[in-house]
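Residues per chain are reported as follows:
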Amino acid sequence: VANVSHELRTPLTSIQGFTETLLTNDVDEVQQKSFLKIIQDQSARLSTVLEDLLSLSKLEKDSEGVETTPQKIGPVVQTAIQVCEPKAKKLHVDFEFEGDDQIIVNINSLLFEQALVNLIDNAIKYGRPQDGKNKGSVKVKIDQDDQSVRVSVIDQGKGIDNEHLSRLFERFYRVDKARSRNIGGTGLGLSIVKHIALAHKGSVKVESQLGQGSKFSIILPKNHELT
């Protein structure tokens, strides 16, 4: 509750402050538009946080009731990439795909796509090369072994220190709080990914080294009846 309250208080304070200024002070048209844009942006942020909270709450409550069907994993991965392409182009990030897209797994395609979009979006935002000169690259990789199918999102960013790795999938946990808020993170995306994986009887994993980027993976159990 304390974490949720903190996340909601910041945009609410901003909305209240600029609304009060507009109501009680004479401001010119340029200032009005500037203040209204801030109110609009902070309202959108509130909406995003609330949507993520509702998604997380529903997953925690109904994780056993998630319906899955056997289907090729490739089209779901490609759809997630397409959803993220506009932001990637804007930030000069290229995509690379590797693996067998014909693998069949039991998934809920909408939920699994949501999890991948969260991981890819994070890789685009946080995983660009630190020199600012080269284009970024995000690789989405599918691989499998005898027991599981793994979908990984690999970036070229600055990496994450070991002290943070065990807590990354906690709600509202951020490695860099200021930067996360500046680029629009709610602190709930990775927690949603974890719960979607759990709803598929799977797991999540992160591997990272400072200066060498990060690799986030969703690991699904293989249904041997499908192979």
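The rules we used
Residues numbered from 1 in each chain as written. Predicted model: local features only at pLDDT ≥ 70, side-chain atom pairs only at ≥ 80, totals over all residues. Heavy atoms only, no water. Helix = DSSP H or I, 4+ residues; strand = E, 2+ residues; numbered from the N terminus. Buried < 20%, exposed > 50% of the residue type's maximum accessible area, 1.4 Å probe, protein only. Contact = heavy atoms within 4.5 Å. Areas by Shrake-Rupley, 256 points an atom, 1.4 Å probe, with all protein chains shown as cover. Expected span 1.5 Å × (residues − 1). Polar contact = N/O pair within 3.5 Å; in protein donor to acceptor, adjacent residues only side chain to side chain. Salt bridge = Lys/Arg side-chain N within 4 Å of Asp/Glu carboxyl O. Pairing = 2+ DSSP bridges.

Trainee: Give a detailed account of the overall build of the protein chain, specifying residues and quantitative values.
Mentor: Along the protein chain, the regular secondary structure elements total 7 helices and 7 strands. Helices and strands appear in the protein chain in the N-to-C order α-α-β-α-β-β-α-β-β-α-α-α-β-β. Taking the principal axes of its C-alpha atoms as reference, the protein chain extends roughly 70 × 45 × 35 Å. In the protein chain, buried positions account for 40% of the 227 residues. Considering only contacts within the protein chain whose residues lie at least 6 apart along the sequence, 74% involve residues at least 24 apart. Here the protein chain displays about 12,900 Å² of accessible surface, and carbon together with sulfur accounts for 49% of that area.

Trainee: I'd like a description of helix H7 (residues 189-199), backed by residues and values.
Mentor: Within H7, 8 of the 11 residues are buried, leaving the element largely enclosed by the surrounding structure. One or two positions beyond H7, positive phi appears at lysine 201, with a value near 60°.

Trainee: Just give me the short version of helix H2 (residues 29-62), but keep the residues and values in it.
Mentor: In a regular helix each residue adds 1.5 Å, so 34 residues correspond to 50 Å; H2 covers 49 Å between its end C-alpha atoms and thus fits that length. Where H2 begins, the capping side chain belongs to aspartate 28, and its oxygen is found 3.2 Å from the backbone nitrogen of valine 30.

Trainee: Give a description of the pattern of salt bridges that names residues and reports values.
Mentor: Side chains carrying opposite charge are able to pair once their charged atoms draw close together. Scanning all chains against the criterion turns up 8 salt bridges. Between glutamate 98 and lysine 139 there is a salt bridge, with its nearest N and O atoms 3.0 Å apart. You can see glutamate 98 sitting in strand E2 (residues 93-99) and its partner lysine 139 sitting in strand E4 (residues 136-144), a full 41 residues away along the chain. With relative accessibility at 22%, the residue lysine 139 sits in the partly exposed group. Between glutamate 170 and arginine 167 there is a salt bridge; the shortest N-O distance is 3.0 Å. The structure contains a network of salt bridges with shared partners spanning Glu96, Glu98, Lys139 and Lys141.

Trainee: Before we move on, could you go through the pairing of E4 and cite the residues and values that matter?
Mentor: Of the strand pairs in this sheet, E2 and E4 are connected by 7 bridges, and their pairing is parallel. By the bridge assignment, phenylalanine 97 is partnered in E4 with valine 140. The sheet contact formed by E4 and strand E5 (residues 148-154) spans 6 bridges and is antiparallel. Along E5, the bridge assignment pairs isoleucine 142 with valine 151. Between E4 and E5, which pair antiparallel and follow one another directly, the connecting turn spans 3 residues.

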